[in-house]
Each structure stands twice: as structure tokens, then as C-alpha cells.
Amino acid sequence: MSDASPVIDDLGRESEELDRLVAELGEEPWGLATPAPGWTVAHQIAHLAWTDRAALLSVTDAEGFAKEVEKALASPGTWVDDAAREGAALPPARLLAEWRSGRAALDRALRAAPAGSRFPWYGPPMSAASMATARLMETWAHGQDIADTLGVVRTPTDRLRHVARIGVRARDYAYAVRELSAPREEFRVELVAPSGDALWTYGPEDAPQRVTGPALDFCLLVTRRAHRADLAVRAEGPDADRWLDIAQAFAGPPGAGRAPKGDAA
């Protein structure tokens, strides 16, 4: 699977980095509240572990995954929180072990998947590369919640190119989930890589509307882990400017997002 191996490798590295952040925590920090309302550090890891298991089912057992979709349809407003709450109730050592074993199993399954395979998901079917990319995006985003809670400043890596790509590709979805009409023309997006030695570009070079800025800030924006007012992402053109208010890289409701740092609320 030469086409998917690089992103699967990056997913492993992203997961290992987050693992190191939580592995030595005592029991008390697992119960700390994170910026996601109602979610502790334990909820964040439980959610990742649960989603990895769902992805593994998708890749290895389509019928089993279909049953999981039925559960989601039966309680569309609570199923994600319910799963996170169930996992968060486990002792931290067991939760950590389950997350590790689940992501290792998913890594093996994605690498073994035949080239060209498509797997069912809660949205459109996904390739192995797309599945790994989505898992990396979630791992990074939920890891950011944990890092913020612990007061840790993470060093951004060029693995963020996967998150940025999802953010750009999901532009029209951000409009659709809010029942808005997406602009007909593409935007130009130019992002400075965390390493500082590359410019990641998307869309036509001559597009009249564009978005520019650091890749880290763009990724924080599209995962709704920071408010636009606190980021150095800039738009040229009214439609591009509007997009920065609603951009999101993940499926599902957008949620309230983060308040500006200067907002006491």
C-alpha cells in the first residue's frame, strides 16, 4: 500500500506523541476538564479509542460496522458523548492500554488493506489513506485539547499537511452543514509549513479570493480549536472571509467553537 503508507506512518507518529503526553499522568489529571464542554482528559482519549475501534470495524467487518451505524442513528444527538463517557469511566491504565491496542490493530488493518479498497463510514466511503488522514486529524485535534488543558505547548510538525488538506477539501461541507450555499469558485490557499521551508498551496494560483497564513493557525481554525481572532490566518475577498468564520475539517455539527482569548465568557 505505497499510496497510504506515508499517512499511516504519520498517524502512528502523531499517536505516539500524544501517548507520551498522557502516559505519565497520575490519576487526577485524567479527570481535568478540557476545553470541550463536559469532556475530561479521559473523555478525549476514550473518544480516540472508540473511533479507532469503529474504523477497525469498517476496515475488517463491514456488517459489524453497519450495526454501529444503526446505534448512531438510534441516538444521533448523544452517541458520541455516550461512547466517550463509557470509556472515560475506565481506570486510566486500562483506558490507555485499550487505546494503544486499538490503534495498533487499526494500523495493521490499514496496511493490509488491498489497494483501491473503500470502506464504509458515517459519511461517504473512505480509502485507507483517507481513513488514516481522518484519524490523524482527530488525534491531533483532541491532542490539542489535552495539551491546552495541561498547559503544554506542542511543537508543530509537517504532519499538519494532512490536517490542512482535509480543511481545504471540506470547504463546501462547512457550508452544507450550516445549510448555506457554497461559493461556486475555488479559493487559493497558501500556508507556511511549520518547518518554515515550504509553502503548501491549494487551488488555482490566479484565484481572485485567497486565504494565507501559518499552517498551524489554519489547522487550529479548521478543527475549531482556536478562535479566528487569535490566529494569523487572513482572507482576501468576501467569500473567503466568510469561510474563515465557518471552516471545519470534521464531520458533524460545528459546535460552539472556542471563544476569543480576550472574551471572559
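All residue numbers here refer to positions counted from 1 along the written sequence of the relevant chain. Per-residue local features of the predicted model are confined to residues with pLDDT of at least 70, and side-chain atom pairs are confined, for both listing and counting, to 80 or more; whole-chain, interface and lining totals are unaffected and use all residues. With hydrogens and water stripped out, all remaining heavy atoms of the structure feed into the side-chain values.

*Asks:* Even after reading the chapter, I still don't get the overall build of the chain, so can you show me in this structure?
*Replies:* Numbering of helices and strands runs from the N terminus, with a helix taken as a DSSP run of H or I at least four residues long and a strand as a DSSP run of E at least two residues long. If you tally the helices and strands in the chain, you get 10 helices and 4 strands. Each helix and strand of the chain, ordered N terminal to C terminal, gives the series α-α-α-α-α-α-α-α-β-β-β-α-β-α. Values of the radius of gyration come from C-alpha atoms, whereas the globule rule sets the reference at 2.2 Å times the count of residues to the power 0.38. For 265 residues, the compact-globule estimate of 2.2 N^0.38 gives 18 Å, and the C-alpha radius of gyration of the chain, at 18 Å, lies within 12% of that figure. With a 1.4 Å probe rolled over the protein chains alone, any residue whose accessible area is under 20% of its type maximum counts as buried; one over 50% counts as exposed, and the rest are partly exposed. For the chain, the residues scored as buried account for 46% of the 265 residues in total. Residue contacts are defined here by distance: any two heavy atoms, one from each residue, within 4.5 Å place the two residues in contact. A sequence separation of at least 24 residues applies to 67% of the contacts in the chain between residues at least 6 apart. Note on areas: Shrake-Rupley with a 1.4 Å probe; residue coverage comes only from the protein chains shown. Counting only carbon and sulfur atoms, one obtains 52% of the accessible surface of the chain, whose full area is about 13100 Å². Only four residue types enter the charge count: Lys and Arg as positive, Asp and Glu as negative, with His and the chain ends excluded. Charge positions are represented by NZ for Lys, CZ for Arg, CG for Asp and CD for Glu. Counting 30 positive and 39 negative side-chain charges, the chain places the averaged centre of each group 1 Å from the other.

*Asks:* Help me understand helix 6 (residues 128-150), please; the structure alone is not making it clear to me.
*Replies:* Along an α-helix, a turn takes 3.6 residues, which lines up residues three or four apart on a common side. To estimate the expected span of a helix, count its residues, drop one, and scale the result by 1.5 Å. In this model, helix 6 (23 residues) spans 33 Å end to end at C-alpha, consistent with the 33 Å of a helix rising 1.5 Å per residue. A large share of helix 6 lies buried, amounting to 18 of its 23 residues. One or two positions beyond helix 6, positive phi appears at Gly 151, with a value near 70°.

*Asks:* Help me out: how do you make sense of the packing of helix 1 (residues 5-23) against helix 5 (residues 92-112) in this one?
*Replies:* The geometry of a pair of packed helices is captured by two quantities: the angle between their axes and the separation between those axes. At a closest axis distance of 11 Å, the pairing of helix 1 and helix 5 adopts a crossing angle of 175°. Put simply, helix 1 runs roughly antiparallel to helix 5. Residues Ser 5, Ile 8, Asp 9, Ser 15, Glu 16, Leu 18, Asp 19, Val 22 and Ala 23 of helix 1 touch helix 5, and the partners they reach there are Leu 96, Trp 99, Arg 100, Arg 103, Asp 107, Leu 110 and Arg 111. For the contact of helix 1 with helix 5, the residue count by class is 7 nonpolar, 2 polar and 7 charged. Every axis in this analysis is a line fitted to C-alpha atoms, fitted for helices over the stretch in contact. Angles between the N-to-C directions lie between 0 and 180 degrees. For classification, angles of less than 35 degrees are called roughly parallel, those exceeding 145 degrees roughly antiparallel, those between 65 and 115 degrees roughly perpendicular, and all remaining angles oblique. When residues are sorted by character, Ala, Val, Leu, Ile, Met, Phe, Trp, Tyr, Cys and Pro go into the nonpolar class, Asp, Glu, Lys and Arg into the charged class, and all the rest, Gly among them, into the polar class.

*Asks:* Explain the pairing of strand 1 (residues 188-192) to me, please; I cannot follow it from the model alone.
*Replies:* On any regular strand, side chains alternate: one points to one face of the sheet, the next to the other face. With 4 of 5 residues buried, strand 1 is to be regarded as a mostly interior element. The criterion for strand pairing is that DSSP finds at least two bridges linking the strands in question. Bridge analysis of strand 1 against strand 3 (residues 210-214) gives 5 bridges, and the strand direction is parallel. For Glu 190, the partnering residue across the bridge sits in strand 3 and is Thr 212. Where strand 1 meets strand 2 (residues 199-202), 4 bridges bridge the pair, whose relative direction is antiparallel. Counted as the bridge partner of Glu 190 is Thr 201 from strand 2.

*Asks:* Which parts of the structure should I look at to understand the side chain of Gln 248?
*Replies:* Tracing the chain through its elements places Gln 248 in the segment after helix 10 (238-246). There is a polar contact of 3.3 Å between the side chain of Gln 248 and the side chain of Arg 178. Once residues lying within four places of it in the same chain are set aside, the contact partners of Gln 248 are Ala 170, Tyr 173, Ala 174, Val 177, Arg 178, Val 222, Arg 224, Pro 253 and Pro 254. Polar contacts, as used here, are pairs of N or O atoms within 3.5 Å; protein pairs need one atom able to donate a hydrogen and one able to accept it. Residues neighboring in sequence count only if both atoms are side-chain atoms.

*Asks:* Would you take a moment to explain the layout of surface pockets for this structure?
*Replies:* Which parts of space are left empty comes out when a probe the size of a water molecule is rolled across the atoms. If you add up the space inside the second largest pocket, you get close to 460 Å³. In this analysis, the protein atoms alone were mapped onto a 1 Å grid. Cavities are point sets where a 1.4 Å probe fits without being able to get out; pockets are open sets with protein on both sides within 12 Å along at least five of seven lines; lining residues have an atom within 4 Å of a point. What lines the second largest pocket is a set of 24 residues, among which Gln 144, Asp 148, Leu 220, Arg 225 and Ala 226 lie closest to the centre. Residue assignment for the lining of the second largest pocket shows that the elements contributing at least two residues are helix 1, helix 6 and helix 9 (215-222). Looking at which element gives the most residues to the lining of the second largest pocket, the answer is helix 6, with 3 residues. Here the lining of the second largest pocket is built from residues that sort into 11 nonpolar, 4 polar and 9 charged. Grid points are joined across faces, edges and corners, and a volume is the space filled by probe spheres set on the points.

*Asks:* What is the right way to read the packing of aromatic side chains from this model?
*Replies:* Within 6.5 Å between ring centres, the rings of Phe, Tyr and Trp (the latter by its six-membered ring) count as paired, and their orientation is classed by plane angle as stacked under 30 degrees, edge-to-face over 60, tilted in between. By the definition in use, this model includes 7 aromatic pairs. For the pair Trp 79 and Tyr 122, a centre-to-centre distance of 4.9 Å together with 45° between the ring planes defines the contact as tilted. Linking Trp 79 in helix 4 (residues 79-88) with Tyr 122 in the loop between helix 5 and helix 6, this pair joins segments that are 43 residues apart in sequence. Taking relative accessible area as the criterion, Trp 79 reaches 21% and is therefore assigned partly exposed.

*Asks:* Would you mind going over the sheet that holds strand 4 (residues 234-236) with me for this structure?
*Replies:* What holds strands together in a sheet is hydrogen bonding between their backbones, with the strands either parallel or antiparallel. One open sheet accounts for 4 strands, arranged 2-1-3-4; its pairing is mixed. Looking at strand neighbours, the two that pair on one side only are strand 2 and strand 4, the edges of this open sheet. Mean inter-strand twist for the sheet, computed between neighbouring axes without regard to direction, equals 15°. Contacts from helix 7 (residues 160-169) reach strand 1 and strand 2, with the element oriented near 20° to strand 2. Where helix 9 meets the sheet, its contacts fall on strand 1, strand 2 and strand 3, and the angle it forms with strand 3 comes to roughly 115°.

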